[in-house]
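Take a look at the letters that make up each chain.
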Amino acid sequence: MITTAKSRPPARKATQARGRARRVELLEAARAMLGTQNLHQIGMIAVAETAGIPASSAYHFFPEIGDLWKELARTLAAAQAELDQRIPHSEEWETVVERSLECHQRAFNADRAARQLMLGPHTPPEIKHAGCKENFRFGTALWQAMRRQFLLPGLADSRELFFKALLIADVFFSLSVAEQDRVSDEALAEAKLATIAYLRAYLPTRLARIEEGGEIPPVPATEAWGALSPAEQG
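How each quantity is defined
- Residues numbered from 1 in each chain as written.
- Predicted model: local features only at pLDDT ≥ 70, side-chain atom pairs only at ≥ 80, totals over all residues.
- Heavy atoms only, no water.
- Salt bridge = Lys/Arg side-chain N within 4 Å of Asp/Glu carboxyl O.
- Helix = DSSP H or I, 4+ residues; strand = E, 2+ residues; numbered from the N terminus.
- Buried < 20%, exposed > 50% of the residue type's maximum accessible area, 1.4 Å probe, protein only.
- Expected span 1.5 Å × (residues − 1).
- Contact = heavy atoms within 4.5 Å.
- 1 Å grid on protein atoms, 1.4 Å probe; cavity = no way out; pocket = protein on both sides within 12 Å on 5 of 7 lines; lining within 4 Å.
- Points joined across faces, edges and corners; volume = space filled by probe spheres on them.
- Nonpolar A, V, L, I, M, F, W, Y, C, P; charged D, E, K, R; others polar.
- Lys, Arg positive; Asp, Glu negative; His and termini not counted.
- Polar contact = N/O pair within 3.5 Å; in protein donor to acceptor, adjacent residues only side chain to side chain.
- Axes fitted to C-alpha atoms, helices over the stretch in contact; angles between N-to-C directions.
- Parallel < 35°, antiparallel > 145°, perpendicular 65-115°, else oblique.
- Left-handed = near helix turned anticlockwise from the far one by under 90°.
- Phe/Tyr/Trp six-rings, centres within 6.5 Å; stacked < 30°, edge-to-face > 60°.

**Side note on the pattern of salt bridges**
Argument step 1. Going through the model one piece at a time under the given rule, you end up with 14 salt bridges.
Argument step 2. Residue aspartate 67 is joined to lysine 70 by a salt bridge in which the shortest nitrogen-to-oxygen separation is 4.0 Å. Separated by three residues within a single helix, aspartate 67 and lysine 70 lie in helix H4 (residues 65–81), roughly one turn from each other.
Argument step 3. Among the residues examined, lysine 70 registers a relative accessible area of 24% and is labelled partly exposed.
Argument step 4. For the salt bridge of lysine 164 with glutamate 160, the shortest nitrogen-to-oxygen distance reads 3.6 Å. In this pair, lysine 164 and glutamate 160 are both assigned in helix H9 (residues 159–180), four residues apart and thus about one turn of the helix distant.

Below, the structure is given as structure tokens:
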């Protein structure tokens, strides 16, 4: 059968679509397996079998099991970071921080895969980095949430500042997961205290509020490099 030039693009698109679907199936299988097994117990062949995909195809998409874990960490972290964009307007900036940490506690406690990949005591640092630190992912999300609600002072209008603040919370969350395999209410309370105490060194007690739907100031010049595209945020 002769294949014309016009028929090739649809075929190529179909192949690409199948490839994307298989990647998703592998990620979903790996996530499900982390719900009952520990990271070091899972290999690529087992993930491929769970997903119903040939091992050769799995290795095509993820040459190493670590590549799959990093991609899954990015996927879960991006979805969790989106929670900060739903934080309702508050009178005080501290409340926004507290609600953000509460959202993340609930998200981590509802997903053992996320706990293992981003907070697990035996998770390789490059996997944690892929989830939490690439593009200052969580710090950027909280910074954006704060900028929608308050006028931030110049020195504090920086996603790096909020990234560092959340690294403090990460310590308490990680210790709790190492001890209890969950983020406890006690760890959440400690994380709130420490994170807000750090931010108070840069933020005044009262910040001018931006009414819901009001105009948000432009990104400061020092952060112009950091206006993330949707692809970069993912």
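Back to the write-up after that little detour.
**Some remarks on helix H10 (residues 185–199)**
Argument step 1. In this model H10 runs 21 Å from its N-terminal to its C-terminal C-alpha over 15 residues, within 8% of the 21 Å that 1.5 Å per residue would give.
Argument step 2. As for H10, its buried residues are in contact with helix H5 (93–109) and H9.

**Things to note about the layout of surface pockets**
The gaps of empty space that remain are located by a probe, the size of a water molecule, rolled over the atoms.
Argument step 1. In this structure, the largest pocket encloses a volume near 300 Å³.
Argument step 2. As for the largest pocket, its lining consists of 19 residues, and the residues nearest its centre are Leu119, Cys132, Phe138, Leu166 and Asp170.
Argument step 3. With seven residues, H9 is the largest single contributor of residues to the lining of the largest pocket.
Argument step 4. Split into classes, the residues belonging to the lining of the largest pocket amount to 12 nonpolar, four polar and three charged.
Argument step 5. Computed from the structure, the second largest pocket encloses a volume of approximately 260 Å³.
Argument step 6. What lines the second largest pocket is a set of 13 residues, and nearest its centre among them are Asn38, Gln116, Gly120, Pro121 and His122.
Argument step 7. Considering every element that reaches the lining of the second largest pocket, the biggest residue donor is helix H6 (residues 112–119), with three residues.
Argument step 8. Looking at side-chain class alone, the lining of the second largest pocket contains four nonpolar, six polar and three charged residues.

**Points about the side chain of aspartate 84**
Argument step 1. Structurally, aspartate 84 is set in the loop between H4 and H5.
Argument step 2. Arginine 148 is the oppositely charged side chain nearest to the buried, salt-bridge-free aspartate 84, at an N-O distance of 8.0 Å.
Argument step 3. Engagement of the side chain of aspartate 84 in a polar contact is seen with the side chain of serine 100, the distance being 2.8 Å.
Argument step 4. Aspartate 84 has contacts with Ser100, His104, Phe138, Ala141, Leu142, Ala145 and Arg148, leaving out every residue within four places of it along the chain.

**Digging into the packing of H9 against H10**
Argument step 1. Close contact between H9 and H10 brings their axes to 9 Å; oriented N to C, the two are set at 160°. The angle between the axes of H9 and H10 places the two elements in the roughly antiparallel class. Once H9 is placed against H10, the crossing between them reads as right-handed. Across the interface between the two elements, Leu161, Phe162, Lys164, Ala165, Ile168, Ala169, Phe172, Phe173 and Ser176 of H9 pack against Ala187, Leu188, Glu190, Ala191, Ala194, Thr195, Tyr198 and Leu199 of H10.
Argument step 2. Residue classes in the contact of H9 with H10 are distributed as 13 nonpolar, two polar and two charged.

**Here's the deal with unusual backbone geometry**
Argument step 1. Not every positive phi belongs to a glycine, and aspartate 181 is a case in point at roughly 60°.
Argument step 2. Looking at where aspartate 181 falls in the secondary structure, it is placed in the loop between H9 and H10.

**Some remarks on the packing of aromatic side chains**
Argument step 1. Counted under the stated rule, the structure contains three aromatic pairs.
Argument step 2. Taking 6.3 Å as the distance between ring centres and 90° as the angle between the ring planes, the aromatic pair formed by phenylalanine 108 and phenylalanine 173 counts as edge-to-face. With a gap of 65 residues between them, phenylalanine 108 in helix H5 and phenylalanine 173 in helix H9 connect regions that are remote in the sequence. The pair phenylalanine 108 / phenylalanine 173 is uniform in exposure class, with both members buried.
Argument step 3. Aromatic pair tyrosine 198 and tyrosine 202: ring centres 5.5 Å apart, planes at 55°, arrangement tilted.
Argument step 4. Owing to a relative accessible area of 21%, tyrosine 198 belongs among the partly exposed residues under this scheme.

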